[in-house]
Every structure is written in structure tokens, then in C-alpha cells.
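# Tertiary structure, described
One letter stands for each residue in the lines below.
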2 protein chains.
Amino acid sequence: MRNYAHPDLADVTIEHALHALSDPVRLDIVRQLDRAGEASCAALDGGRPKSSMSHHFRVLRSAGLVHTRIAGVQHMNTLRREEVDKRFPGLLDAVLGVKG
Amino acid sequence: MRNYAHPDLADVTIEHALHALSDPVRLDIVRQLDRAGEASCAALDGGRPKSSMSHHFRVLRSAGLVHTRIAGVQHMNTLRREEVDKRFPGLLDAVLGVKG
DNA sequence: TTGATAGTTCGTATATAATCGAACTATAGG
DNA sequence: CCTATAGTTCGATTATATACGAACTATCAA
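Residues numbered from 1 in each chain as written. Chains lettered and ligands numbered in written order. Predicted model: local features only at pLDDT ≥ 70, side-chain atom pairs only at ≥ 80, totals over all residues. Heavy atoms only, no water.

A few words on the relation of the copies chain B and chain A. Mapping chain B onto chain A calls for a rotation angle of 180° and an axial translation of 0.0 Å; the resulting RMSD is 0.0 Å. What the rotation and shift describe, once combined, is the action of a two-fold rotation axis. A shared interface surface links the copies, since 100% of the contact residues of chain B are contact residues in chain A too. (Least-squares fit on C-alpha atoms with pLDDT ≥ 70 in both. Contact = heavy atoms within 4.5 Å.)

On to the nonpolar core. Core analysis: the largest hydrophobic core is formed by 60 residues, its most contacted members being Phe88(A), Leu91(A), Phe88(B) and Leu91(B). Of all the elements in the fold, those that place two or more residues in this core are α1 (14–21), α2 (24–36), α3 (50–62) and α5 (91–97) of chain A together with α1 (14–21), α2 (24–36), α3 (50–62) and α5 (91–97) of chain B. Not counting residues up to four positions away in its chain, the partners in contact with Phe88(A) are Leu9(A), Val12(A), Thr13(A), Ile14(A), Ala17(A) and Val98(B). (Core = buried A, V, L, I, M, F, W, Y, C linked by side-chain atoms within 4.5 Å. Buried < 20%, exposed > 50% of the residue type's maximum accessible area, 1.4 Å probe, protein only. Helix = DSSP H or I, 4+ residues; strand = E, 2+ residues; numbered from the N terminus.)

This part is about the side chain of Ser40(A). All names here are of chain A. Along the chain, Ser40 falls in strand β1 (residues 39–40). On the basis of relative accessible area, Ser40 is assigned to the buried category, the value being 9%. For Ser40, the side chain forms a polar contact with the main-chain nitrogen of Ala43, separated by 3.2 Å. (Polar contact = N/O pair within 3.5 Å; in protein donor to acceptor, adjacent residues only side chain to side chain.)

Another aspect to go through is the protein's contact with DNA strand D. Neighbouring DNA strand D are 23 residues; Tyr4(A), Ala42(A), Lys50(A), Ser54(A) and His56(B) lie closest to it. Between DNA strand D and Tyr4(A), the relevant distance is 2.3 Å, taken from a phosphate oxygen to a side-chain nitrogen or oxygen of the residue. One of the backbone N or O atoms of Ala42(A) is found 2.8 Å from a phosphate oxygen in DNA strand D. Listing elements by their share of the surface near DNA strand D, those giving two or more residues are α3 and β3 (74–79) of chain A together with α3 of chain B. Classifying every residue of the surface near DNA strand D gives 8 nonpolar, 11 polar and 4 charged. (Near = heavy atom within 4 Å. Nonpolar A, V, L, I, M, F, W, Y, C, P; charged D, E, K, R; others polar.)

So, on to the protein's contact with DNA strand C. Neighbouring DNA strand C are 23 residues; His56(A), Tyr4(B), Ala42(B), Lys50(B) and Ser54(B) lie closest to it. Taking the atoms of DNA strand C that fall within 4 Å of the protein, sugar and phosphate contribute 64% of them. Between DNA strand C and the protein, one listed contact pairs a base nitrogen with a side-chain N or O atom of Ser51(A) at 3.1 Å. A distance of 3.1 Å is found between a sugar or linking oxygen of DNA strand C and a side-chain nitrogen or oxygen belonging to His75(B). Of all the elements in the fold, those that place two or more residues in the surface near DNA strand C are α3 of chain A together with α3 and β3 (74–79) of chain B. A class-by-class count of the residues in the surface near DNA strand C yields 8 nonpolar, 11 polar and 4 charged.

On their own, these measurements won't tell you what the molecule is for.
So this is what it looks like as C-alpha cells:
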């Protein structure tokens, strides 16, 4: 794998984004990326198997929420904050702002 | 069925709400209720079978998004706008504001 | 009380998603 | 080249959702 394809946000539906965010593991990833700014897959696995994490990162990428950059042996992930904010104004603020 | 139980919004997780909103049929229902203010189940079915609609309304109610009031033979639905806005500030604005 | 209407519940079929081990790929360092 | 590390892909299993016909319940009106 040389690098990832990241969808144009214009091609991502709100349903797709909401589905990606509705899983607790993925929501946790998104929250951590929001704080950390950038993190490898392993840094966010919380003890879960690599293949499960790989699946969740793929879903997050396909929903346009996460960008993954290959840096040597690590895959570094970031939230596509600005683009998502442009496509779905207020969505991430709302989702990340919730307590409990 | 005499009347429905509607959950306290405090007991609804953001994951639950996002999941309820991530289905196209339900999102359509929510959009229509946002415009119409109140509507019967039949008014929103778009030709789909009653049992399918009943399922989607149940999911929307369990996620705290929709209130259903029995009025004679009809079940009238409304968005629980204020309560949802209090629990998840900005979420409905973001979801309902999206075009495309 | 009969019939019509609105919606639920049940049961089942089907589709979609989550989980995770095992084998694989790619990169870096010794 | 060998090995360790990070992550992917595959495949199977299991869980969760959706879809919807059929039978049922509740209300209203004639």
C-alpha cells in the first residue's frame, strides 16, 4: 500500500457521515484525533485488534472524516476538520461538544 | 396501544441519536417533521409499507428525536426540537441544514 | 355492530456491519 | 539479508438492521 484514496467531501452524504460517527469505537477515534491533532492507528487502538481498527479507519476515511498519511512504517491520521466543516457546518462541533 | 413511552433525553447517547439519523428513510421523516411541524405516520410514508414505517418511527422515538401523540385513529408525530437541542446543541441544525 | 381507517406487532427473510485470527505487505534498522 | 514493527487484506463468524406480509388492536362513524 503506497497511499490512500480520500473521497471528495462533495461526494459524501450526511447519512454516510452520520453512520460513520454512530459507532462508539469510531466516535472515540474522532474525539481523540480532535484533541491530539494527529495520531497513528496503534496510538488509538485501546487494546483492540489491528484488523478491527483497520476496518474502523477505513469507514472513517470513506466517510471523508479522516485523512491518513503514510509516514514510514506508521499511518498517521488526522481529522479533515476544515473540509468536513465546510461540507457539514456545525456537525463536528455538535458531535464533539456533547458530554456524557 | 394507549400511548407511547418517550425516553428522557439524558438517557440518549449521541451514538444512538446519530444512528437513528443515519438512515435515509428516517432522515427524510425528520426533515419533513422539521418543516411540517406535526404529521401522521401515513402522511410521511412515501408509499412504503406501514410495518416498515412503524419500525422507523420506533427507532426515532427510542433515540428521543420524535414524539408521538395519539389523536383518535391517527398517531401524530413531532420533532422533540427543544429537548434535542438542549441535549445535543447544534446537531439538528447541522443535520437539517445540509444540502445535497 | 359492522365496516373502514391508522397503526402496531410478529415472524421471517435478507442485507449490512462488527469482530478478529491468520496470512500478507511495506518500511526501517542492524 | 534478517528481523521487528505497523498496518492491510482475507475470510469466517456473529450480531444488528432493514423490509415487509399477515394478523391484530384501537378508534371512529354509520
